[in-house]
Amino acid sequence: MDNLVLWDIDHTLVDYSGLGREWYARALVNAVGKQLNHLPFFPGRTERSLVREILTAHDEPDDDERIERLYAELEAIALASREALPTLGRALVGAPEILGALGGREDVVQSLVTGNLPSLASWKLAAFDLHHHVDLEIGGYGSLSEHRHDLVEVAMAQAGAKHGRTFAPGSVIVIGDTPADVAAGRHHGTVTVGVATGKFTVDDLAASGADVVLPDLGDTPAVLTALLREN
């Protein structure tokens, strides 16, 4: 296994625009009995950082017990919505094709670095049958840390442990739609790929220091070349 490819989910592989606000509003009422009157900036953030900001903005303690309570509410709401997810979002152009193409290679391990909770990540991908080629067990998830670069570190360590080898930073490709994704990969010296399918433009992602910037994932051969540096 020569390459470890770590995908962001929201606005990189799938688009569930507006769903996060709805779920957080319901979760806050269920967890602490308050209406949502402060909405954080979501792109590139981890679930832990979002939950902590929301709790603080609503004059609630941001201790681990309260954070876990909000996680549990988010998970319950997402589970109740699971069958409807295919109608609440969409797979982004090229996502099924590139995941399938990489999944067919013996020299690639695919997993996630995502701000989502593990269960939400799995369900969001499964709604469009995108989960089969991604090893969900070794991902870095947003419940772990407020800092996205910690998620990259966890994913690299878990992939190495599972496959009995160390993935050197140059063999790790971190892909996402925000400068935060790029910064998380750069923190560990990985290859970073920005995909301009979210709120940030090609120029924004280039300015953030991404090694490669793609307008989208639509051209599978070109994306393969960009990710794996093949000629």
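My aim in this report is to walk through the structure given alongside it, one point at a time. (Residues numbered from 1 in each chain as written. Predicted model: local features only at pLDDT ≥ 70, side-chain atom pairs only at ≥ 80, totals over all residues. Heavy atoms only, no water.)

Before going further, it helps to spend a moment on the overall build of the chain. Each helix and strand counted, the chain has 10 helices and eight strands in total. Buried positions account for 49% of the 231 residues belonging to the chain. (Helix = DSSP H or I, 4+ residues; strand = E, 2+ residues; numbered from the N terminus. Buried < 20%, exposed > 50% of the residue type's maximum accessible area, 1.4 Å probe, protein only.)

Per the counting criterion, the structure on display carries 16 salt bridges. Taking the shortest distance from any N to any O, the salt bridge between E53 and R45 comes out at 2.7 Å. Accessibility expressed as a relative area gives 27% for E53, which makes it partly exposed. The partner of R105 in a salt bridge is D107, with the nearest N and O atoms 2.9 Å apart. Bridged by salt links that share partners, the residues K34, E60, E65, R66 and R69 form one connected network. (Salt bridge = Lys/Arg side-chain N within 4 Å of Asp/Glu carboxyl O.)

This paragraph deals with the nonpolar core. Counting 53 residues, the largest nonpolar core has W7, L102 and L227 as its most contacted members. Residue contributions to this core peak at eight residues, all from helix α1 (residues 19-32). What L102 contacts, discounting residues up to four positions off in sequence, is V5, W7, V108, Q110, L224, L227 and L228. One finds L4, V113, A155 and M156 within the second-largest nonpolar core, a separate group that totals 14 residues. (Core = buried A, V, L, I, M, F, W, Y, C linked by side-chain atoms within 4.5 Å. Contact = heavy atoms within 4.5 Å.)

Taken residue by residue, helix α2 (residues 47-57) has E47, R48, S49, L50, V51, I54 and L55 as its buried positions. Buried residues belonging to α2 abut α1, α3 (64-80) and α6 (118-126).

Now for the packing of aromatic side chains. All told, the structure shown has three aromatic pairs when counted by the stated rule. The interplanar angle of 45 degrees and the centroid separation of 5.9 Å between the aromatic rings of Y16 and F128 together place this pair among those described as tilted. Taken together, the positions of Y16 in the loop between β2 (14-15) and α1 and F128 in the loop between α6 and β5 (140-141) put the pair 112 residues apart, joining distant regions of the chain. What makes Y16 buried here is its relative accessible area of 5%. When the ring centre of F167 is taken as reference, the NZ or CZ atom of R165 above it lies at 4.2 Å. (Phe/Tyr/Trp six-rings, centres within 6.5 Å; stacked < 30°, edge-to-face > 60°. Lys NZ or Arg CZ within 6 Å of the ring centre and 35° of its normal.)

What follows concerns the sheet that holds strand β7 (residues 191-195). As summarised here, the arrangement of the six strands in space is β5-β4-β1-β6-β7-β8, forming an open sheet in which the pairing is parallel. Two strands lie at the open edges of the sheet, namely β5 and β8 (212-214), each paired on one side alone. (Pairing = 2+ DSSP bridges.)

With respect to the helices and strands, V29 occurs in helix α1. For the pair V29 and D177, spaced 148 residues apart in the sequence, the C-alpha separation amounts to 30 Å. Ignoring sequence-local partners within four residues, the contact set of V29 consists of K34 and Q35.

Counting buried residues along α6, seven of its nine residues qualify, which places the element largely inside the surrounding structure. All of the buried residues along α6 are S119, L120, A121, S122, W123, K124 and L125.

We now examine the side chain of D8. Within the secondary structure, D8 sits in the loop between β1 (3-7) and β2. Since its relative accessible area comes to 5%, D8 is described here as buried. Side-chain polar atoms of D8 contact the side chain of R148, separated by 2.9 Å. In this structure, D8 is in contact with L13, V113, T114, R148, I175, G176, D177 and D181, ignoring residues within four places of it in sequence. (Polar contact = N/O pair within 3.5 Å; in protein donor to acceptor, adjacent residues only side chain to side chain.)

Our next topic: the environment of H132. Topologically, H132 is positioned in the loop between α6 and β5. Along the chain, H132 and V213 lie 81 residues apart, while their C-alpha atoms are 26 Å from each other. Among the polar contacts listed, one links the side chain of H132 to the side chain of D129, at a separation of 2.6 Å.

Right, let's talk about unusual backbone geometry for a bit. Most peptide bonds adopt trans geometry, and most residues besides glycine take a negative phi value. Unlike most non-glycine residues, D59 shows phi in positive territory, near 55 degrees. One can find D59 in the loop between α2 and α3. The residue D129 is not glycine, and still its phi comes out positive at about 60 degrees. Here D129 is to be found in the loop between α6 and β5.

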